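Breakdown of the fold
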Amino acid sequence: MKIISINAGSSSLKFTLFEMDDESIIATGLFERIGIEGSKYTIKYNGEKIEQEIELNDHTDAVKILLEKLIDLAIIKSLDEIKGVGHRLVHGKDKYSQSVIITDEVINDLEAFKEFAPLHNPANVLGIKAFKEALGDIPMVGVFDTAFHQTMTEDTYLYPVPYKWYKEYGVRKYGFHGTSHRFIALSMKKILRKENFKMISCHIGNGGSICAIKDMKCVDTSMGFTPLAGIMMGTRSGDIDSSIIPYVMEKEGKNASEVVDDLNKISGLLGMSEYSNDMRDILAKIESGDEKAKLAEKKYVRRVVDYIAQYYVLLGGVDAICFTAGVGENSVPVRKDICEALSCLGVKIDLELNNKRGEFVKLSTDDSKIAVYVIPTDEELLIARDTLSLIRNR
Ligand code: AMP
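So, here's what we can say about the structure. Note that the coordinates shown come from a computational prediction; the quantities given were computed from them, not determined experimentally.

Remarks on the overall build of the protein chain
Tallying secondary structure elements over the protein chain gives 14 helices and 14 strands in all. Seen through its C-alpha atoms, the protein chain measures out along the principal axes to roughly 60 × 55 × 45 Å. Considering only residue pairs separated by 6 or more positions, the protein chain has 60% of its internal contacts joining residues 24 or more positions apart. Approximately 18,700 Å² of the protein chain is accessible, and the part contributed by carbon and sulfur atoms is 49%. Each charge class in the protein chain was averaged separately, 50 positive and 59 negative side chains, and the resulting centres sit 4 Å apart.

And the structure:
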């Protein structure tokens, strides 16, 4: 049975078409610069890569062309072969704790919650509507980034601010990257062959978050009301003292949104290194002796270690620590530095094995007190699995 996973952004639409009988990928692709000059698509299938510039006025155009191309390229014979569409949805507030069949209510909620994810929720709705228009009443499933974190308790998700802010304005920790953290927890369940274990999932990519998981449930996570909170990221600062905001507003003659924009877009690795948000560039600069790049990596590692230490205590010890996403899966020196800083917890890794990139590996040695793994994340596959399971059980 074929299922398509969709990740719709404000000007892009990514897809992965799966054959769910063996969970193999049939085709993947990206439609980008939707509604902007120079729009194009890329489709990869069967070892081939097709790239073409084409006018894409909106998401409906992108979906129409995507479906046409699947037929033209003989990737599928008929649209009827696609039995379900799974959408990555960003913000389900505290209403959605699981994936759901997409109904009008879900679409209305996404629209109602848009002030919580102004870039993402409206884009998600565009993606859903475009597929509805193209494929009629094909079953569609929504997989929320926030859902996995709904098991956090009040003392965790509340901020120590006036309670009214929570009650009246919804100010609380929501957490993001939930689909990835859930994928990692499910992978660990397979590895350990049990459900009752404690782990820390480190999704460290350009965006990044750490998640404390007990018995397959999120106990705490580092992102907060928005993805700006938590660890240092490619361009995001992560946690800072909020009084910095009015101070910099005054210094630079900016308003609050502009300073928050700076914290989202020109901070993190980019801000500290004054060079790049990409860890590969930072590591290359370190090789050439650049001090600011060294400092940026040191701070990055420190923030991750701080959260791991915090969650180690919160969970009362852990069975496993897992690295995933771009940096977690590939960045050998960053993993080494993080694990070295954790040696006081009895973490020991095999430095030879740590040289592997982009693949599953158990890094920890037999005498390590905590198992350490690299597990490549696969949010698209989890979206497809949820879609299949919900449409089967309708
Ligand atoms: P993501 O957002 O998950 O795609 O992760 C992007 C981040 O992963 C960027 O900072 C990349 O520099 C980093 N990354 C990807 N591949 C490598 C690599 N081979 N070595 C170091 N960092 C990498």
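Structural notes on the site of the ligand
The ligand sits among Gly205, Asn206, Asn277, Asp278, Met279, Arg280, Ala325, Gly326, Val327, Asn330, Ser331 and Arg357. At a separation of 3.2 Å, an oxygen atom of the ligand approaches a polar backbone atom of arginine 280. For the ligand, an oxygen atom lies 2.9 Å from a polar atom in the backbone of glycine 326. Elements with a contribution of two residues or more to the shell around the ligand: α10 (279-287) and α12 (325-330). The greatest single-element share of the shell around the ligand, amounting to four residues, is contributed by α12.

Section: the packing of aromatic side chains
As enumerated under the stated definition, the model contains nine aromatic pairs in all. Geometrically, the ring pair formed by tyrosine 157 and tyrosine 166 is tilted, given 5.9 Å between the ring centres and 50° between the ring planes. For tyrosine 157, a relative accessible area of 12% gives the class buried. The structure contains a cluster of three or more aromatic residues connected by ring pairs, namely Phe116, Tyr174 and Phe225. Over the aromatic face of tyrosine 157 sits the side chain of arginine 172, whose NZ or CZ is 3.7 Å from the ring centroid. Positioned above the aromatic ring of tyrosine 275, the side-chain terminus of lysine 285 is 4.4 Å from the ring centre.

Notes on unusual backbone geometry
With the exception of glycine, the majority of residues adopt a negative phi angle, and the majority of peptide bonds are in the trans configuration. The phi angle at glutamate 23 is positive, at roughly 55°, despite the residue not being glycine. Structurally, glutamate 23 can be placed in the loop between β2 (13-19) and β3 (24-32). The partly exposed category is assigned to glutamate 23, whose relative accessible area is 31%. One non-glycine residue, alanine 325, lies in the positive phi region at around 75°. Mapped onto the elements of the fold, alanine 325 is located in helix α12. Looking at alanine 325, the relative accessible area reads 7%, which means it is buried.

Notes on the sheet that holds strand β11 (residues 217-221)
The mixed open sheet is built from six strands, whose spatial order is β11-β10-β9-β12-β14-β13. In this open sheet, the two edge strands, each paired with only one partner strand, are β11 and β13 (361-362). By the bridge criterion, four bridges tie strand β12 (residues 320-324) to strand β14 (residues 371-374) in an arrangement that is parallel. Considered in β14, the bridge of phenylalanine 323 is made with valine 374.

Examining the nonpolar core
Core analysis: the biggest nonpolar cluster contains 44 residues, and Ile200, Ile204, Ile210, Tyr300, Ile321 and Ile338 have the highest contact counts within it. Of all elements in the fold, only β9 (198-204), β10 (208-214), α10, α11 (291-315), β12, α13 (332-341) and β14 reach the threshold of two or more residues within this core. Broken down by element, this core gets its largest block of residues, 10 residues, from α11. Dropping the residues within four chain positions of it, isoleucine 210 is found in contact with His181, Ile200, Ser201, Cys202, Ile204, Asp220, Thr221, Ser222, Ile231, Val304, Tyr307 and Tyr311.

Describing the pairing of strand β8 (residues 140-144)
Moving residue by residue along a regular strand, the side chains alternate between the two faces of the sheet. Across the five residues of β8, five count as buried, placing the element largely inside the fold. Side chains of β8 alternate between two faces, with Met140, Gly142 and Phe144 and Val141 and Val143 buried alike. Of the strand pairs in this sheet, strand β6 (residues 82-89) and β8 are connected by five bridges, and their pairing is parallel. Its bridge partner lying in β8, leucine 89 is registered against phenylalanine 144.

Remarks on the sheet that holds strand β4 (residues 40-45)
One open sheet holds the eight strands; their spatial order is β5-β4-β3-β2-β1-β6-β8-β7, and the pairing between them is mixed. Whereas interior strands pair on both sides, the edge strands pair on one side only; in this sheet they are β5 (48-53) and β7 (100-101). Across the sheet, helix α1 (residues 59-72) touches β1 (2-8), β2, β3, β4, β5 and β6, and the angle it forms with β2 is around 30°.

Points about a nonpolar patch on the surface
A cluster of nonpolar residues, Val161, Trp165 and Tyr169, forms a patch on the protein surface that exposes about 290 Å² of accessible area. Within the secondary structure, valine 161 is located in the loop between α4 (154-157) and α5 (163-169). Residue classification places valine 161 among the partly exposed residues on the basis of a relative accessible area of 33%.

Quick look at the side chain of asparagine 124
Within the secondary structure, asparagine 124 sits in helix α3 (residues 120-135). Given the relative accessible area of 2%, asparagine 124 is considered buried. When residues no more than four places from it in sequence are discounted, the contact partners of asparagine 124 are Ala8, Arg88, Leu89 and Val90.

As for the environment of threonine 377
In this structure, threonine 377 sits in the loop between β14 and α14 (379-392). It is 17 Å that separates the C-alpha atoms of threonine 377 and leucine 192, two residues lying 185 residues apart in sequence. When neighbours within four sequence positions are excluded, threonine 377 is seen to be in contact with Ser180, Phe183, Ile184, His203, Thr324, Ala325 and Glu329.

Here is what the cut-offs are and how they apply
Residues numbered from 1 in each chain as written. Predicted model: local features only at pLDDT ≥ 70, side-chain atom pairs only at ≥ 80, totals over all residues. Heavy atoms only, no water. Helix = DSSP H or I, 4+ residues; strand = E, 2+ residues; numbered from the N terminus. Contact = heavy atoms within 4.5 Å. Areas by Shrake-Rupley, 256 points an atom, 1.4 Å probe, with all protein chains shown as cover. Lys, Arg positive; Asp, Glu negative; His and termini not counted. Charge placed at Lys NZ, Arg CZ, Asp CG, Glu CD. Near = heavy atom within 4 Å. Polar contact = N/O pair within 3.5 Å; in protein donor to acceptor, adjacent residues only side chain to side chain. Phe/Tyr/Trp six-rings, centres within 6.5 Å; stacked < 30°, edge-to-face > 60°. Buried < 20%, exposed > 50% of the residue type's maximum accessible area, 1.4 Å probe, protein only. Lys NZ or Arg CZ within 6 Å of the ring centre and 35° of its normal. Pairing = 2+ DSSP bridges. Core = buried A, V, L, I, M, F, W, Y, C linked by side-chain atoms within 4.5 Å. Axes fitted to C-alpha atoms, helices over the stretch in contact; angles between N-to-C directions. Patch = residues over 30% accessible without salt bridge, like charges linked within 9 Å, V, L, I, M, F, W, Y side chains within 5 Å. Salt bridge = Lys/Arg side-chain N within 4 Å of Asp/Glu carboxyl O.

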